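# Secondary and tertiary structure notes
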Amino acid sequence: MRNIPSAGGWSTDADPMPHPSERPDSDDLIRARTTLGDFELTILSDGTYFLDGGAMFGVVPKPLWEKRAPADEQNRILLGLNTVIVRTGKHTVAIETGIGNKLPDKLRAIFEAKEQLPRAFSAAQIRPEEVDIVVNSHLHFDHCGWNTTRTPDGRVVPTFPNARYFAHRGEVEHGHLQLERDAVSYTSDNYDPLVESGQMTLLDTRPGETTPIVPGISVECFPGHTAQLLAVHIDSGGKRATYISDLIPTSAHLDITWVMGYDLDPLRCIEERKRFYARAIPERWMVLFTHDHHTPYGFIELNEKGKPQVVSPGV
Ligand SMILES: [Zn+2]
């Protein structure tokens, strides 16, 4: 752990995220492997991408957030796209599917999308055909991009032909509205073909409710980033890991008020973070971060100032 000077009472004692100029190479296909009870967890990466640092930290002043997430000359910070594969012994579950290969050229260039998830599967020796469950926390393009693959001849086909996909019904409906605020975040090719073919099951999990998917895998609704954001709980051997998705996108976002400019309801995000920490900290849940390339998972504790910080990070 590096020691960062204290900044106005915010906790800043975790390692900062890498500067955007630190381009990871191919050995970043697999970000971590670990176990949870009887389950095997493999964190694959669809690659790094770039987003505006201001948008990622909402109203937090740049002098504070850039200590944790250095920005380049275009104010962009380096983010990851983490897919978690859970092997339960009975099921092979994929949580989130990255950015995919269907972005228009302009967006692909802006984000510098790597589109490397298929290579990550190969490196981990996991075949897409083995995956029998896919769970999307929500349907923003950077979370469900490899649900489907664009083939060289322009067709859009399921990336995981033998999987049952799960997403929230409200996300599909919201995406179809194509609202001014967030139309760009929803690419229907990522879900409509799966809904139409019957391969995607749409969930109606209400805020605060939990819905089982398969034994040891369930989703809980934490609204705020979107109205129906789903966290994915993984339970085995009396231990829990939670893919908390965009409620807490990186380990630089742990402070309850450091919510994103992208969040549709930032006040709700703050309340939902409190609700999450009230269980995740005392019960020592492993927290899996969706967009943290540097620290894909860790445990959360309160420091001496009572601020949440990551300890025992996975890498
Ligand atoms: Zn999102």
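Here goes a summary of the coordinates provided. All residue numbers refer to positions counted from 1 along the written sequence of the respective chain. Whole-chain, interface and lining totals are the exception, using all residues; otherwise, since this is a predicted model, local features are given only for residues with pLDDT of at least 70 and side-chain atom pairs are given and counted only at 80 or more. Hydrogens are left out, water is left out, and the side-chain values use all remaining heavy atoms of the structure.

### Remarks on the coordination of the zinc ion
We count it as follows: Coordination shells were defined by N, O and S atoms within 2.8 Å of each metal, extended to 3.2 Å for Na, K and Ca; water is absent from the atom set, which can make sites look incomplete. For a four-donor site, all angles between 85 and 135 degrees give tetrahedral; for four or six donors, opposite pairs above 155 degrees with the remaining angles between 65 and 115 give square planar or octahedral; all remaining cases count as irregular. Whether a residue is buried, partly exposed or exposed follows from its accessible area with a 1.4 Å probe, protein chains only, as a fraction of its type maximum: under 20%, in between, or over 50%, in that order.
Looking at the zinc ion, one finds its protein donor set to be His138 (NE2), His140 (ND1), His225 (NE2) and Asp246 (OD), positioned 2.2 to 2.3 Å from the metal centre. Around the zinc ion, the four donor atoms sit at angles spanning 86 to 177°, and that spread fits a shape best called irregular. One chain supplies every donor for the zinc ion, spaced along it as H-x1-H-x84-H-x20-D. Classification of His138 as buried rests on a relative accessible area of 1%.

### Overview of helix α8 (residues 266–280)
Selection rule: Helix and strand definitions follow DSSP, with helices as H or I runs of at least four residues and strands as E runs of at least two, each counted in order from the N terminus. Expected span of a helix: the number of residues minus one, times 1.5 Å. The contact criterion used is simple: two residues touch if any of their non-hydrogen atoms lie within 4.5 Å.
The terminal C-alpha atoms of α8 lie 20 Å apart, and with 15 residues this matches the ideal 21 Å at 1.5 Å per residue to within 8%. Among the residues making up α8, those that are buried are Cys269, Ile270, Glu272, Arg273, Phe276, Tyr277 and Ala280. Buried residues along α8 sit against β13 (217–221), β15 (239–243), β16 (286–288), β17 (297–302) and β18 (308–311).

### Regarding the state of the cysteines
Our working rule: In what follows, a disulfide is any cysteine sulfur pair within 2.5 Å.
Across all of its chains, the model carries zero disulfides by this definition. Looking at Cys144, it has no disulfide partner, and the nearest cysteine sulfur is the one in Cys221, 17 Å off.

### So, the packing of aromatic side chains
Aromatic rings in a pair are described by how distant their centres are and how their planes are angled relative to each other. Quick note on the threshold: Between rings of Phe, Tyr and Trp, where Trp is taken as its six-membered ring, a pair exists when centres lie within 6.5 Å; planes separated by under 30 degrees are stacked, by over 60 edge-to-face, and by other angles tilted. In our convention, an over-ring charge means Lys NZ or Arg CZ found within 6 Å of a ring centre and within 35 degrees of that ring's normal.
Evaluation of the coordinates by the stated rule reveals nine aromatic pairs. Taking 6.0 Å as the distance between ring centres and 85° as the angle between the ring planes, the aromatic pair formed by Phe222 and Phe276 counts as edge-to-face. Highlighted residues: Phe222 in the loop between β13 and β14 (230–236) and Phe276 in helix α8, separated in sequence by 54 residues. Members of the aromatic cluster, joined through ring pairs, are Phe222, Phe276, Tyr277 and Trp285. Positioned above the aromatic ring of Trp285, the side-chain terminus of Arg240 is 4.7 Å from the ring centre. Over the ring of Phe299 we find Arg284, and its NZ or CZ is 4.4 Å from the ring centre.

### Focus on unusual backbone geometry
Unlike most non-glycine residues, Glu96 shows phi in positive territory, near 75°. Tracing the chain through its elements places Glu96 in the loop between β6 (92–95) and α3 (105–111). When its relative accessible area of 1% is taken as the criterion, Glu96 is described as buried. If you check the backbone angles, Gln178 has positive phi at about 50° while not being a glycine. Relative to the assigned elements, Gln178 resides in the loop between α6 (169–177) and α7 (192–197).

### Considerations on the layout of surface pockets
Note the following rule: Points on a 1 Å grid, built from protein atoms alone, make a cavity when a 1.4 Å probe fits but cannot get out and make a pocket when they are open with protein on both sides within 12 Å along at least 5 of 7 lines; residues with an atom within 4 Å of a point are the lining residues. Grid points are joined across faces, edges and corners, and a volume is the space filled by probe spheres set on the points. Three residue categories are used. Nonpolar comprises Ala, Val, Leu, Ile, Met, Phe, Trp, Tyr, Cys and Pro, charged comprises Asp, Glu, Lys and Arg, and polar comprises the others, including Gly.
Considered as a void within the structure, the largest pocket measures approximately 340 Å³ in volume. Taken together, 18 residues make up the lining of the largest pocket; nearest its centre are His140, Phe141, Val184, Ser185 and Tyr262. When contributions to the lining of the largest pocket are tallied by element, the ones reaching two or more residues are β3 (49–52), α3 and α5 (141–144). Classifying every residue of the lining of the largest pocket gives 10 nonpolar, four polar and four charged.

### Concerning the sheet that holds strand β5 (residues 82–87)
The line we're drawing: Note on pairing: DSSP must find at least two bridges between two strands before they are called paired. As a rule, the C-alpha atoms of each element are fitted with a line to give its axis, helices using only the stretch in contact, and angles between N-to-C directions run from 0 to 180 degrees.
Spatial strand order, β1-β2-β5-β6-β7-β10-β11: seven strands in an open sheet with mixed pairing. Of all the strands in the sheet, just β1 (30–36) and β11 (200–203) have a single pairing partner and so form its edges. This sheet shows a mean twist of 20° between the axes of neighbouring strands, independent of strand direction. Note: strand β2 (residues 39–45) against β5, six bridges, orientation antiparallel. Opposite Glu40, over in β5, you have Arg87 as the bridge partner. Where α6 meets the sheet, it contacts β10 (164–168) and β11, and its direction lies at approximately 70° from that of β10.

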